[in-house]
Amino acid sequence: IELDMTAAAIIVAAGKATRFQRTSEAQINKVEVALLGRPLWQFSVEAFRKISSIDRVVLVVSPDVLDDFARTHRNYLTQQKVTLVAGGKERWVS
């Protein structure tokens, strides 16, 4: 029996980066941290897009940044067919 199964990849990026803080008191929005000039989450999206059994990629971001994030990255999210959703207040809610 051959099964034709697909899966969704969920990239959870809604955290407050409490373990990611620098020495300053400034809050870091880790979803926008760049590597090689690109946001880190884009590398995850592209890695999942290369897996044929993954037919959906969901990116979870903080509700506080959802609207701005959607506007800023609209073209990329549309091109890569990424579903953007708001995370919960705490990790376990997302």
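In short, a report on the structure. A quick note: this is a predicted structure, and the numbers were derived from the prediction, not measured.

## Concerning helix 1 (residues 40-49)
Next up, step 1: All of the buried residues in helix 1 are Trp41, Gln42 and Val45. Summarising the axial view, the buried residues of helix 1 lie within an arc of 105 degrees, below the 170-degree limit, and thus occupy one face.
Next up, step 2: Buried-residue contacts for helix 1 involve strand 1 (7-13), strand 3 (38-39), strand 4 (54-61), helix 2 (66-72), helix 3 (74-79) and strand 5 (82-86).

## Some points on the side chain of Gln42
Next up, step 1: Here Gln42 lies in helix 1.
Next up, step 2: What makes Gln42 buried here is its relative accessible area of 9%.
Next up, step 3: Sequence-distant contacts of Gln42, that is, excluding residues within four places in its chain, are made with His73 and Tyr76.

## So, the packing of aromatic side chains
Next up, step 1: Counted according to the given criterion, the structure contains two aromatic pairs.
Next up, step 2: Put simply, the rings of Trp41, Phe69 and Tyr76 pair up and form one aromatic cluster.

## Focus: the environment of Ala7
Next up, step 1: Along the polypeptide, Ala7 turns up in strand 1.
Next up, step 2: Between the alpha carbons of Ala7 and Ser52 there is a distance of 9.4 Å; along the sequence they are 45 residues apart.
Next up, step 3: In this structure Ala7 touches Ser53, Ile54, Asp55 and Arg56, once residues within four positions along its chain are discounted.

## Brief notes about the sheet that holds strand 1
Next up, step 1: Across the sheet, which stays open at both edges, the three strands sit in the order 1-4-5 with parallel pairing between neighbours. In this open sheet, the two strands that pair with only one neighbour each are strand 1 and strand 5. Averaged over all pairs of adjacent strands, the angle between strand axes in this sheet comes to 25 degrees, irrespective of strand direction.
Next up, step 2: As paired elements, strand 4 and strand 5 share five bridges and run parallel to each other. Residue pairing in the sheet places Val61 in a bridge with Ala86 of strand 5.
Next up, step 3: Docked against the sheet, helix 1 engages strand 1, strand 4 and strand 5, running at close to 165 degrees with respect to strand 4.

Parameters and conventions
- Residues numbered from 1 in each chain as written.
- Predicted model: local features only at pLDDT ≥ 70, side-chain atom pairs only at ≥ 80, totals over all residues.
- Heavy atoms only, no water.
- Buried < 20%, exposed > 50% of the residue type's maximum accessible area, 1.4 Å probe, protein only.
- Helix = DSSP H or I, 4+ residues; strand = E, 2+ residues; numbered from the N terminus.
- Arc of directions from axis to C-beta.
- Contact = heavy atoms within 4.5 Å.
- Phe/Tyr/Trp six-rings, centres within 6.5 Å; stacked < 30°, edge-to-face > 60°.
- Pairing = 2+ DSSP bridges.
- Axes fitted to C-alpha atoms, helices over the stretch in contact; angles between N-to-C directions.

Function-wise, these values are silent; they only describe arrangement.
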